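# Chains, contacts and geometry: an overview
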Amino acid sequence: MLKTYQKMMILGLSLLLAWAGWKGLNALFYHQSSQATGLTGEGTRMKKINKSLEDWKKELTPEQFHVLFEKGTERAFTGQYNDFWEKGVYLCAACGTPLFRSEDKYDHGTGWPSFKESLAEPNLEYHDDPSLGMRRIEVRCAACGGHLGHFFYDGPAPTGKHYCINSAAMKFLPAGEAKNKLPRVATFAAGCFWGVEYKFSQVQGVLETMVGYSGGNTPHPSYRQVLTGKTGHAEAVQLVYDPAVISYEQLVRKFFELHDPTQYHRQGPDIGPNYRSAIFYHDEEQREIAERVKSELQASRRYQKKIVTEVAPFKGFYRAEEYHQKYYQKKLGPACPTG
């Protein structure tokens, strides 16, 4: 017969494994840090919201404050949005920053709301979390710094992304209200992303920019992997813009202006599919606009050669390593050549 202490050890191990299953088993076994995956906490122009903890405590419910600013975790299967499937956008419960779309929500079975993609990478921060004897990647709101949940790579194909987020850290805006009230997202590839990001960051109405990799199927690639041209990814820029100031069509026309869209798998001296010209559309409206503008420019005879810009559905965006973010501003040197 098992002794009492042996029974206690078995019971404790069973509870630990059950808890790990809820949070994603890879949290125990997947030892990549935010640095290893290219996920770090800085690099955007996101305007920070500086409030004292006392101010946040007055504005939020006790549970919201505990999760967002004491890094708490709500009990599995108890959150308001765990089994919630209405169409709309999820915002930070503290500051209202847009975080996730309902289209990217799925049932991971862990007991917390799960998303396969962020609404806009510049709106999130990632930090290593060594708590509870594990190495996890914490997800925070980039504007207010509130703790949202954790990030894993045990999600659905093709990206494998899994944002495991507390319901208490979010508030929901129905689709009808969200359409005309929130900033929107666009993703472009036009050669070396250092210069492309800088040029877009100077456009009035562009709120945030971030460089990364998009268009391929290799999950969380490194810069060196993308350089081989074998990942399918292009060096891309994801931006958040205010549609009340600048339209998506204006951004598409700006995209065509800042590079040579007739160069196939290259821009200037940079050669390879990772330097290709591409528009990764996030919805049918963006696809229609991109195709129409591309056709108009081709018919205008502005370009002597055929426009080879790829117009493809957005599949995912992987943030590039920290030293690539705002590279032009950091180095105070010339942007890499385009055209």
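A brief look at the structure comes next. Keep in mind the model is a prediction, meaning the values are calculated, not measured. (Residues numbered from 1 in each chain as written. Predicted model: local features only at pLDDT ≥ 70, side-chain atom pairs only at ≥ 80, totals over all residues. Heavy atoms only, no water.)

This part takes up the overall build of the protein chain. Within the protein chain, the regular secondary structure consists of 10 helices and 17 strands. Expressed as a percentage of its 339 residues, the buried residues of the protein chain come to 53%. Here the analysis covers contacts within the protein chain between residues at least 6 apart in sequence; of these, 71% occur between residues at least 24 apart. Entry remark: accessible area of the protein chain is about 16000 Å², with carbon and sulfur atoms responsible for 54%. (Helix = DSSP H or I, 4+ residues; strand = E, 2+ residues; numbered from the N terminus. Buried < 20%, exposed > 50% of the residue type's maximum accessible area, 1.4 Å probe, protein only. Contact = heavy atoms within 4.5 Å. Areas by Shrake-Rupley, 256 points an atom, 1.4 Å probe, with all protein chains shown as cover.)

Before going further, it helps to examine the packing of aromatic side chains. Under the counting rule described, the total for this entry stands at 21 aromatic pairs. On the basis of an interplanar angle of 65 degrees and a centroid distance of 4.9 Å, the ring pair of phenylalanine 151 and tyrosine 163 is categorised as edge-to-face. Here phenylalanine 151, found in strand β7 (residues 147-152), pairs with tyrosine 163, found in strand β8 (residues 162-165); they are 12 residues apart in sequence, far enough to count as distant. With respect to class, phenylalanine 151 is no different from tyrosine 163; both count as buried. (Phe/Tyr/Trp six-rings, centres within 6.5 Å; stacked < 30°, edge-to-face > 60°.)

Another point: the environment of threonine 209. Mapped onto the elements of the fold, threonine 209 is located in strand β11 (residues 206-214). For threonine 209, a relative accessible area of 0% translates into the label buried. A polar contact of 3.3 Å, which involves the side chain of threonine 209, links it to the side chain of glutamate 197. (Polar contact = N/O pair within 3.5 Å; in protein donor to acceptor, adjacent residues only side chain to side chain.)

Glancing now at the nonpolar core. Membership of the largest hydrophobic core comes to 65 residues, with the highest contact counts inside it found for Leu68, Phe100, Leu148, Tyr163, Phe188, Phe200 and Phe256. Looking at this core element by element, the count peaks at 5 residues for helix α8 (residues 248-257). (Core = buried A, V, L, I, M, F, W, Y, C linked by side-chain atoms within 4.5 Å.)

Burial analysis of strand β12 (residues 234-241) places 8 of its 8 residues in the buried class, the great majority of the element. Across 5 bridges, strand β10 (residues 184-190) lies against β12 in antiparallel orientation. In the strand pairing of β12, arginine 184 is matched with tyrosine 241. Bridge count between β11 and β12: 8 bridges; the pairing is antiparallel. Among the inter-strand pairings, tyrosine 213 is bridged to a residue of β12, identified as glutamate 235. (Pairing = 2+ DSSP bridges.)

Looking now at the pattern of salt bridges. Under the defined criterion, the tally for this structure stands at 16 salt bridges. For glutamate 197, the salt bridge identified is with lysine 326, shortest N-O distance 3.0 Å. Of this pair, glutamate 197 sits in helix α6 (residues 193-201) while lysine 326 sits in the loop between β17 (317-319) and α10 (327-331), and the two are 129 residues apart along the sequence. In this structure glutamate 197 comes out as buried when scored by relative accessible area, which is 1%. When the shortest N-O distance is used, the salt bridge between arginine 276 and glutamate 310 registers 2.7 Å. Taken together, the residues span a long stretch of sequence, with arginine 276 in the loop between β14 (270-271) and β15 (277-281) and glutamate 310 in strand β16 (residues 310-313) at a distance of 34 residues. For glutamate 310, a relative accessible area of 28% gives the class partly exposed. A single salt-bridge network, built from bridges that share partners, covers Glu249, Arg253, Glu288, Arg292 and Glu296. (Salt bridge = Lys/Arg side-chain N within 4 Å of Asp/Glu carboxyl O.)

Contact geometry for α8 and helix α9 (residues 284-299): axes closest at 10 Å, N-to-C directions at 45 degrees. Judged by the inter-axis angle, α8 sits oblique to α9. Of the two elements, α8 crosses α9, and the hand of that crossing is right-handed. Packed against α8, whose contacting residues are Tyr248, Glu249, Val252, Arg253 and Phe256, the element α9 presents Gln286, Ile289, Ala290, Arg292, Val293, Lys294, Glu296 and Leu297 at the interface. Of the residues contributing to the contact of α8 with α9, the split by class is 7 nonpolar, 1 polar and 5 charged. (Axes fitted to C-alpha atoms, helices over the stretch in contact; angles between N-to-C directions. Parallel < 35°, antiparallel > 145°, perpendicular 65-115°, else oblique. Left-handed = near helix turned anticlockwise from the far one by under 90°. Nonpolar A, V, L, I, M, F, W, Y, C, P; charged D, E, K, R; others polar.)

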